[in-house]
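# Structural overview
Each chain, written out:
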Amino acid sequence: MAKGRGRNCAEFYTHKMGVDAERHMALETAMRTALDNGEFELDYQPKVALRGGQVFGMEALLRWRRPGLGVVSPAEFIPLAEETGAIVAIGEWVLRTACRQLRHWHDMGHTQLTMAVNLSPRQFVRQDVPALIRATLADSGLPAKALELELTESILMSDGTGVRDALLQLKAIGVTLALDDFGTGYSSLSYLKRFPIDVLKIDRSFIQDLAADAEDASLTRTIVLMAQSLHMKTVAEGVETLAQLSFLRRCKCDAIQGYFFSKPLNADAMTSLLRDRRCLPAVVNAVNPRQT
Ligand code: C2E
Ligand code: MG
Ligand code: MG
Ligand code: MG
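Structure report, in brief.

Conventions adopted
- Residues numbered from 1 in each chain as written.
- Chains lettered and ligands numbered in written order.
- Predicted model: local features only at pLDDT ≥ 70, side-chain atom pairs only at ≥ 80, totals over all residues.
- Heavy atoms only, no water.
- 1 Å grid on protein atoms, 1.4 Å probe; cavity = no way out; pocket = protein on both sides within 12 Å on 5 of 7 lines; lining within 4 Å.
- Points joined across faces, edges and corners; volume = space filled by probe spheres on them.
- Nonpolar A, V, L, I, M, F, W, Y, C, P; charged D, E, K, R; others polar.
- Near = heavy atom within 4 Å.
- Polar contact = N/O pair within 3.5 Å; in protein donor to acceptor, adjacent residues only side chain to side chain.
- Areas by Shrake-Rupley, 256 points an atom, 1.4 Å probe, with all protein chains shown as cover.
- Sits in = over half its atoms within 2 Å of the grid points.
- Helix = DSSP H or I, 4+ residues; strand = E, 2+ residues; numbered from the N terminus.

## Looking at the layout of surface pockets
Taken as a whole, the largest pocket spans an internal volume of roughly 1,100 Å³. Looking at the largest pocket, it is lined by 36 residues, and the ones nearest its centre are Glu-59, Leu-61, Pro-74, Asn-118 and Asp-180. Among the residues making up the lining of the largest pocket, the classes are represented as 15 nonpolar, eleven polar and ten charged.

Right under this line is the structure:
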């Protein structure tokens with residue numbers, strides 16, 4: 001019986017792999033035309049300060065809306081875009097679009113808002129990122145301090161001097177550098193000293209079980225303390241519950257991003273949220289008043 005089940009599994013996986021390969025090839029072909037056809041969009045997810053509860057910035061998240069096929073997740077197509085090199089053109093579009101949109105919100109009076117954009121390691125390999133950032137800032141007319149770049153730990157590991165030079169140039173331009181998904185990669189703590197990082201985004205996997213898992217709670221608290229002593233800010237990713245929020249307030253994390261406050265929104269919905277000056281409800285701000 002076990003044998004029989006094993007064979008069924010094998011058949012299932014073989015079939016699935018065939019389907020995946022087909023889907024992979026179809027996506028690769030479609031991606032070549034998607035940019036020109038205007039199939040990419042950005043959603044924006046607000047970041048809220050735990051002190052005061054105000055929206056101070058947002059992260060741009062890429063969406064690929066395929067006619068008749070719905071939205072493809074970036075988790076699926078970004079790795080593919082990196083493989084094929086399409087990430088360079090797509091990445092330029094993301095930066096330009098996000099910066100122009102932020103400029104629009106600045107012009108509406110929300111002049112303190114910052115925009116965070118994800119960069120893939122391949123972009124650093126394939127192009128002059130500091131030159132791209134200078135051009136994008138000039139195009140949008142935004143001050144450099146309004147732009148934050150989210151990097152992954154793998155970027156820091158990819159090669160020593162090239163990336164470090166690029167990051168130092170970016171710091172000189174005046175943009176903010178954040179380390180995304182912090183805690184999930186393999187980078188050693190010495191990277192935090194070697195590279196000019198301003199913000200640690202604590203990965204959702206730590207936040208998820210904060211209430212139930214004492215180790216996650218203690219790691220999160222430690223990351224915040226370490227960041228403070230290195231003069232870095234902390235943003236908790238994927239905050240979904242009041243319990244998580246309260247814990248993060250208590251350990252003096254600087255900001256949260258997650259469904260608890262808002263899912264990623266299209267530009268129009270974000271405009272409404274900004275116009276309404278939505279912030280964390282007062283009752284939430286009143287949690288642990290001793291700590292504020
Ligand atoms: P990320 O940069 O870590 O972005 C956060 C992801 O967590 C987003 O997924 C967001 O929708 C999701 N998220 C936010 N709050 C919550 C929450 O409370 N609960 C849960 N379960 N999820 C939450 P998304 O939009 O699917 O993006 C996935 C990843 O794709 C991003 O992870 C980022 O690594 C990559 N990505 C997205 N846009 C771009 C882009 O323009 N360029 C590059 N290179 N990568 C991008
Ligand atoms: Mg990110
Ligand atoms: Mg992240
Ligand atoms: Mg994450």
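This is not the end of the story, as more comes after the structure.
## Quick notes on the site of ligand 1
Around ligand 1, the surrounding shell holds 22 residues, and the nearest of these are Arg-63, Asn-118, Asp-180, Glu-240 and Tyr-259. Contact between ligand 1 and Gln-45: a nitrogen atom at 3.0 Å from a side-chain N or O atom of the residue. The contact in question runs from a nitrogen atom of ligand 1 to an N or O atom on the backbone of Leu-62, over 3.1 Å. In isolation ligand 1 has 800 Å² of accessible area, and contact with the protein removes 82% of it. Comparing atom positions with the cavity grids shows ligand 1 to sit within the largest pocket. If one sorts the elements of the shell around ligand 1 by residue count, strand S2 (residues 55-66) sits on top with four residues. Among the residues making up the shell around ligand 1, the classes are represented as nine nonpolar, five polar and eight charged.

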